[in-house]
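Okay, here's what each chain looks like letter by letter:
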Amino acid sequence: MKNLPLSLTLAALSGALTLKSPADFSPGMRRAYVLAPGAALGIIAAAALRSGVKKGRKLAAAGRVDLVTPAAAGSNDGADGTAPVPSYVRADAGPARVPALALTSLAATVGVAVSGFLALSLVLDKRIETWLVRRGVARPRLVMAVVTAASSLVLDQVADSKDSGGARQ
């Protein structure tokens, strides 16, 4: 772990948040838990896509985008010694427009996916707690919190070892 105090703090925070059962949340709080992050990430995705499209158009207009090997625009047969233009290079000079509907649907898909995973996490949380109670665990939320904190530390260690392992090779 590169930053042990940060890793321990995040693990402790993860464990502490697990101690409170989402089943104790009000219905409005559960809705907000599921919908607010999905909406926020959908908006962030839309803004990032819009920014990327604008930047791409500016670079294309300035002629600074080189996604393929440059080929002579007027040569399709290679007679003057230059390579022919590949078939996937557009003949018209105007930039291709990505429809706003496509970008909006992609951003909406991100938001829906995030909300779906959060809704699934509430169901899994309840099932894990029920499973522990059926097995006779007196304080299932405490067991879940300890497992969450330990998992956070293990994942942090694995991520750090992969980062340092890739740098050595």
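Residues numbered from 1 in each chain as written. Predicted model: local features only at pLDDT ≥ 70, side-chain atom pairs only at ≥ 80, totals over all residues. Heavy atoms only, no water.

Considerations on the environment of Arg141
And step 1. Along the chain, the position of Arg141 falls in helix H4 (residues 140-168).
And step 2. Arg141 sits 120 residues away from Ser21 along the chain, and the two C-alpha atoms are 7.3 Å apart.
And step 3. Among all residues touching Arg141, those that are not within four sequence positions of it are Thr18, Leu19, Lys20, Ser21, Pro22, Asp125 and Glu129. (Helix = DSSP H or I, 4+ residues; strand = E, 2+ residues; numbered from the N terminus. Contact = heavy atoms within 4.5 Å.)

Brief notes about helix H3 (residues 100-134)
And step 1. Relative to the 51 Å expected for 35 residues at 1.5 Å per residue, H3 spans 51 Å between its end C-alpha atoms, a close match to the ideal helical length.
And step 2. When we look at burial in H3, the residues that qualify are Ala107, Gly111, Ser115, Leu118, Leu122, Asp125, Glu129 and Leu132.
And step 3. Count one or two residues on from H3 and you reach Gly136, which has phi positive near 90 degrees. (Expected span 1.5 Å × (residues − 1). Buried < 20%, exposed > 50% of the residue type's maximum accessible area, 1.4 Å probe, protein only.)

Quick look at the confidence of the model for the protein
When pLDDT drops low, the exact placement of atoms in the prediction is not to be read closely.
And step 1. Put simply, the protein has an average pLDDT of 81, and 73% of its residues get 70 or more.
And step 2. The lowest-confidence element of the protein is H4, averaging 86 in pLDDT; the highest-confidence one is H3, averaging 93.
And step 3. Taken as a whole, residues 71-75 scores under 50 in pLDDT and shows 13 contacts with residues more than four places along the chain or in a different chain. (pLDDT = per-residue confidence, 0-100.)

Section: the environment of Ala45
And step 1. Within the secondary structure, Ala45 is located in helix H2 (residues 27-61).
And step 2. Put simply, Ala45 and Thr104 are 59 residues apart on the chain and 9.1 Å apart in space, counted from C-alpha to C-alpha.
And step 3. Not counting the four nearest positions on each side in its chain, Ala45 is found in contact with Ala107 and Val110.

Regarding helix H1 (residues 4-19)
And step 1. Along its 16 residues, H1 runs 23 Å from first to last C-alpha, staying within 8% of the 22 Å computed at 1.5 Å per residue.
And step 2. For H1, the full list of buried residues reads Ser7, Ala11, Gly15 and Thr18. Seen from one end, H1 has its buried residues packed into an arc of 65 degrees, which puts them on one side. Projecting away from the buried face of H1 at angles above 90 degrees are the exposed residues Pro5, Thr9 and Leu17. (Arc of directions from axis to C-beta.)

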